[in-house]
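Results of the structural survey
Spelled out from the first residue to the last, the chains are:
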Amino acid sequence: MKVQIDIKDQYDETVVTIQAKDWTEEISELVKRIKSPMTKRLVGVQDERSVLLEPSDIDYVYAENRKVYASMNRQSIELKMKLYEIEDLLIPHQFMRFSKSVIGNVEQIARFELSFNGNLCVHFKTGSKEYVSRSYVAQLKQKLIWGDSKDGE
């Protein structure tokens, strides 16, 4: 993939043009990342109080019993948003889908182990752990090894 940037005083607004032979998953992710706003903080609810959460402090976000929670330092804080809405906000902060009900912070991963069923058990720096379903394992390994690019550039 080539990246060309042209900065001149004559431009009034930023325009992003993507030229490609075919629509790919990489292009889809790039468009999603460009369009998603860069969120500074999320608002959670703990003990009936609103709490500001820094995305970098969150290990993972998960859905359980029709509610969504952020896991930080082995405690869960409820978020009053849908999981897919939070995913869109957190993608620029190095979060990615781990399973149908979990979005994980790749920057907080300390290590991982392969389970007997093909899933990954991810251990976070805080000591908590979560599982990555088989359909997301290859994508996670790619992101851990190469970052966002497919070829290491």
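Everything quoted here is computed from the prediction, not taken from an experiment. (Residues numbered from 1 in each chain as written. Predicted model: local features only at pLDDT ≥ 70, side-chain atom pairs only at ≥ 80, totals over all residues. Heavy atoms only, no water.)

Let us look at the overall build of the protein chain. Per the secondary structure count, the protein chain includes three helices and ten strands. Listing the helices and strands of the protein chain from first to last along the sequence gives α-β-β-β-β-β-α-β-β-β-β-β-α. Overall, the protein chain is about 50 × 40 × 25 Å in size when its C-alpha atoms are taken along their principal axes. Split into buried and exposed, the 153 residues of the protein chain put 34% on the buried side. (Helix = DSSP H or I, 4+ residues; strand = E, 2+ residues; numbered from the N terminus. Buried < 20%, exposed > 50% of the residue type's maximum accessible area, 1.4 Å probe, protein only.)

Take the nonpolar core next. As a rule of thumb, nonpolar side chains are buried together in soluble globular proteins. Core analysis: the largest hydrophobic core is formed by 15 residues, its most contacted members being Leu42, Leu53, Ile58, Val61, Leu79 and Ile86. Those elements giving two or more residues to this core turn out to be β4 (67–72), β5 (75–79) and α2 (83–90). It is α2 that contributes the most residues to this core, four residues altogether. Apart from the residues within four sequence positions on either side, Leu79 is in contact with Leu42, Val43, Gly44, Leu53, Val61, Val68, Tyr69, Ala70 and Ile86. Of all hydrophobic cores here, the second largest spans 14 residues; its members include Ile109, Val122, Phe124 and Val137. (Core = buried A, V, L, I, M, F, W, Y, C linked by side-chain atoms within 4.5 Å. Contact = heavy atoms within 4.5 Å.)

A few words on the UniProt feature "domain: HTH LytTR-type" (unreviewed entry) in the protein chain. Mapped onto the present numbering, the UniProt feature "domain: HTH LytTR-type" (unreviewed entry) falls on residues 42–146. Structurally, residues 42–146 comprises 20% helix and 48% strand, and the distance from its first C-alpha atom to its last is 28 Å. (UniProt positions renumbered as here; feature names shortened; annotations may be inferred.)

Attention shifts here to the pattern of salt bridges. What the rule picks out here adds up to five salt bridges. Glu87 is the salt-bridge partner of Arg97, the closest N and O atoms lying 2.7 Å from each other. One end of the pair, Arg97, is in strand β6 (residues 95–99); the other, Glu87, is in helix α2, with ten residues separating them in the sequence. Accessibility classification places Arg97 together with Glu87 in one group, the buried group. One salt bridge connects Arg111 with Glu113, and the closest N-O pair in it is separated by 2.6 Å. Judged by its relative accessible area of 44%, Arg111 is partly exposed. (Salt bridge = Lys/Arg side-chain N within 4 Å of Asp/Glu carboxyl O.)

Time to look at the sheet that holds strand β9 (residues 120–124). Judged by pairing direction, the sheet is antiparallel, and its three strands sit side by side in the order β8-β9-β10 without closing on themselves. Here the strands that pair on one side only, and so sit at the sheet edges, are β8 (109–114) and β10 (129–132). Pairs of neighbouring strands in the sheet enclose a mean axial angle of 25°, with direction left out of account. In the sheet, β9 pairs with β10 via four bridges, with the strands oriented antiparallel. Bridged to His123 within β10 is Lys129. In the packing of helix α3 (residues 134–146) onto the sheet, the strands contacted are β8, β9 and β10, and the crossing angle to β10 comes to about 110°. (Pairing = 2+ DSSP bridges. Axes fitted to C-alpha atoms, helices over the stretch in contact; angles between N-to-C directions.)

The next point concerns the packing of aromatic side chains. If you walk through the whole model with that rule in mind, you get four aromatic pairs. Residues Tyr60 and Tyr62 carry aromatic rings whose centres are separated by 5.7 Å and whose planes lie at 45° to one another, so their mutual orientation is tilted. The residues Tyr60 and Tyr62 share a single accessibility class, namely buried. An aromatic cluster of at least three residues, connected via ring pairs, comprises Tyr60, Tyr62, Tyr69, Phe98 and Phe124. (Phe/Tyr/Trp six-rings, centres within 6.5 Å; stacked < 30°, edge-to-face > 60°.)

Our next topic: the layout of surface pockets. When its volume is computed, the largest pocket comes out at roughly 930 Å³. Contributing to the lining of the largest pocket are 22 residues, with Val3, Gln4, Val16, Thr17 and Ile18 lying nearest its centre. (1 Å grid on protein atoms, 1.4 Å probe; cavity = no way out; pocket = protein on both sides within 12 Å on 5 of 7 lines; lining within 4 Å. Points joined across faces, edges and corners; volume = space filled by probe spheres on them.)

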